[in-house]
Structure formats: structure tokens, C-alpha cells
Amino acid sequence: MTGLSNVLQAIEEQADDRAEKILAEAEQAASQYSEQAYKEAKEKMQKQYGQAELKAAFAYKQVQAAAKKEERDALLWEKAKRIESVFKKALEAARQDERYFAFLQDRIVKSALPEPGVLVMGKEDMARMPENFLQSMQPRLPKGAVLTAEESDGVKGGFILRYAEMEQNCTLQAILQEKRKVLFGLVARILSGEGEKQ
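Owing to the predicted nature of the structure, the values given are computational and were not obtained by experimental measurement. (Residues numbered from 1 in each chain as written. Predicted model: local features only at pLDDT ≥ 70, side-chain atom pairs only at ≥ 80, totals over all residues. Heavy atoms only, no water.)

Draft legend 1. Spatial organisation of the pairing of strand β3 (residues 158-162). For β3, the tally of buried residues reaches four of five residues, placing the bulk of the element in the interior. Of the pairings in the sheet, the one linking strand β1 (residues 116-122) to β3 comprises three bridges and is antiparallel in character. Following the sheet pairing, V118 is matched in β3 by R162. Remark: four residues form the turn of the hairpin made by β3 and strand β4 (residues 167-171), two consecutive strands paired antiparallel. (Buried < 20%, exposed > 50% of the residue type's maximum accessible area, 1.4 Å probe, protein only. Helix = DSSP H or I, 4+ residues; strand = E, 2+ residues; numbered from the N terminus. Pairing = 2+ DSSP bridges.)

Draft legend 2. Just the nonpolar core, in detail. Counting residues in hydrophobic clusters, the biggest one holds 26 residues, and the most contacted among them are I108, L119, M121, F133 and F159. Contributions of two or more residues to this core are made by α1 (2-96), α2 (100-111), β1, α4 (133-137), β3 and α5 (172-191). Looking at this core, the element that brings in the most residues is α2, giving five residues. In contact with F133, not counting residues within four places along its chain, are F101, L104, Q105, I108, L119 and M121. (Core = buried A, V, L, I, M, F, W, Y, C linked by side-chain atoms within 4.5 Å. Contact = heavy atoms within 4.5 Å.)

Draft legend 3. Structural context of the environment of L172. Relative to the assigned elements, L172 resides in helix α5. Separated by 17 residues in the primary sequence, L172 and V155 place their C-alpha atoms 8.9 Å from one another. What L172 contacts, discounting residues up to four positions off in sequence, is L91, A94, R95, Y100, F103, G157 and G158.

Draft legend 4. Fine view of the packing of aromatic side chains. Applying the stated criterion across every chain, the model contains two aromatic pairs. Between the aromatic rings of Y100 and F101, the centroid separation amounts to 5.0 Å while the plane-to-plane angle is 70 degrees, which identifies the pairing as edge-to-face. Like F101, Y100 is buried. Their ring planes at 80 degrees and their centres at 5.7 Å tell us that F101 and F133 sit as a pair that is edge-to-face. With F101 in helix α2 and F133 in helix α4, this pair connects stretches of sequence that are 32 residues apart. Relative accessible area serves as the criterion here: at 10%, F101 is assigned to the buried category. For F133, a relative accessible area of 2% gives the class buried. (Phe/Tyr/Trp six-rings, centres within 6.5 Å; stacked < 30°, edge-to-face > 60°.)

Draft legend 5. Just α2, in detail. Here α2 spans 16 Å end to end across twelve residues, near enough to the 16 Å set by a 1.5 Å rise per residue. The set of residues buried in α2 consists of Y100, F101, L104, Q105, I108, V109 and S111. (Expected span 1.5 Å × (residues − 1).)

Draft legend 6. A look at the sheet that holds strand β2 (residues 146-152). Read from one edge to the other, the open sheet built from four strands follows the order β2-β1-β3-β4, with strand pairing classed as mixed. A single partner strand is all that each edge strand has here, and the edge strands are β2 and β4. For this sheet, the mean angle separating the axes of adjacent strands, direction not counted, is 20 degrees. Sheet topology note: the β1/β2 ladder contains seven bridges and is parallel. Each bridged residue has a counterpart across the sheet, and for P116 the counterpart in β2 is V146. Sitting on the sheet, α2 touches β1, β2, β3 and β4, and the angle it makes with β3 is about 25 degrees. (Axes fitted to C-alpha atoms, helices over the stretch in contact; angles between N-to-C directions.)

See below:
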């Protein structure tokens with residue numbers, strides 16, 4: 001039996017050696033796999049961290065750009081309000097100017113058609129209109145032009161000429177609107193101090 005025992009013992013030792021070798025290989029493979037997995041996880045985390053940093057930087061720049069745009073918009077809005085205030089004051093000053101009615105007469109003469117029409121003016125202007133306003137400009141009107149005056153609450157300076165088939169809006173607001181682009185830039189330069197340098 002010793003021979004069989006020896007064979008069994010040799011098989012057992014080989015099995016133990018084989019098991020130890022397999023365990024060692026498994027541990028080594030597990031260690032390599034663990035190291036590789038750790039390395040890959042670290043690389044992935046660094047990549048994601050880098051992407052997160054890029055995203056955060058991009059988001060920060062977007063927030064900064066939005067804040068700057070909002071600030072610019074607020075400044076433009078304030079500037080536009082100031083310009084509108086200047087226009088409003090200018091219109092009121094024009095109505096109070098001593099040359100106002102002479103200006104209106106010149107505009108009426110230039111705008112009148114050689115046919116009967118209605119001159120529509122605001123109540124305030126009608127109340128302070130110089131005596132013989134219409135009669136004094138009659139000789140300067142085109143031949144056939146006859147104007148009758150009518151007052152309106154809707155006209156706040158200037159006038160409207162109404163004819164049978166058309167209407168000419170010569171209110172101060174309409175005149176200002178025609179010149180708005182040029183005046184807007186001019187007033188903006190003056191308000192910002194650039195107009196004084198010229």
C-alpha cells in the first residue's frame with residue numbers, strides 16, 4: 001500500500017501545487033485586473049472631471065455674456081428713455097417757440113393741394129392761433145386750394161390736411177418720426193458727451 005499511498009500522496013501534492021499555482025495565477029490576474037480597472041476608472045474620472053471643468057467654464061462664460069448683455073440692454077433702455085424725453089421736450093419747446101405758427105404756415109403752403117381741404121389742428125393751437133392765420137397764407141397757397149379749419153383732440157402740435165381722397169399727416173410727431181434716425185443718433189451723441197467734441 002505504500003506504493004499506492006505514495007502515488008496518492010504525489011497526486012495530492014501535485015493537486016495542492018496545481019491549486020496553489022492556479023490560486024497564484026488567479027490572484028495575479030485579479031490584481032492586474034484590479035489595477036487595470038483602477039487605472040481605467042481613474043482615467044475616466046479625470047476625463048469626466050476635465051469635461052465637467054470645461055462645461056463649468058463654458059457655463060460661466062455664458063452667464064458672464066448674459067450678464068453683460070443684460071447690462072448693455074439696461075443702458076440702451078435708459079439711453080432710449082432719455083432720448084425720448086429729449087424729443088418730448090423738444091416738441092413742447094417747438095410749440096412754444098414764437099416762430100411756431102410761421103413754421104406751420106410754411107408747411108401748410110408746401111403741403112397744400114390745389115383743391116378744397118380741411119386743416120385739422122389741436123384745440124390748444126386753435127385757441128392761440130394768430131388772427132387771420134388762414135387768410136394771411138391764402139395768397140401763397142396753390143391756385144384752387146381752399147382750407148377750412150377744424151379742431152381735434154388727437155392732434156398735439158402741427159396739423160393734418162384732409163382732402164376728399166387723401167390725408168397728409170404733418171403733426172410734429174410725424175415730422176419728428178421722419179427725421180428720427182438722424183436725430184436719434186445726434187441726440188445720443190450729445191447725451192453721451194461726444195457731440196461736444198466736434
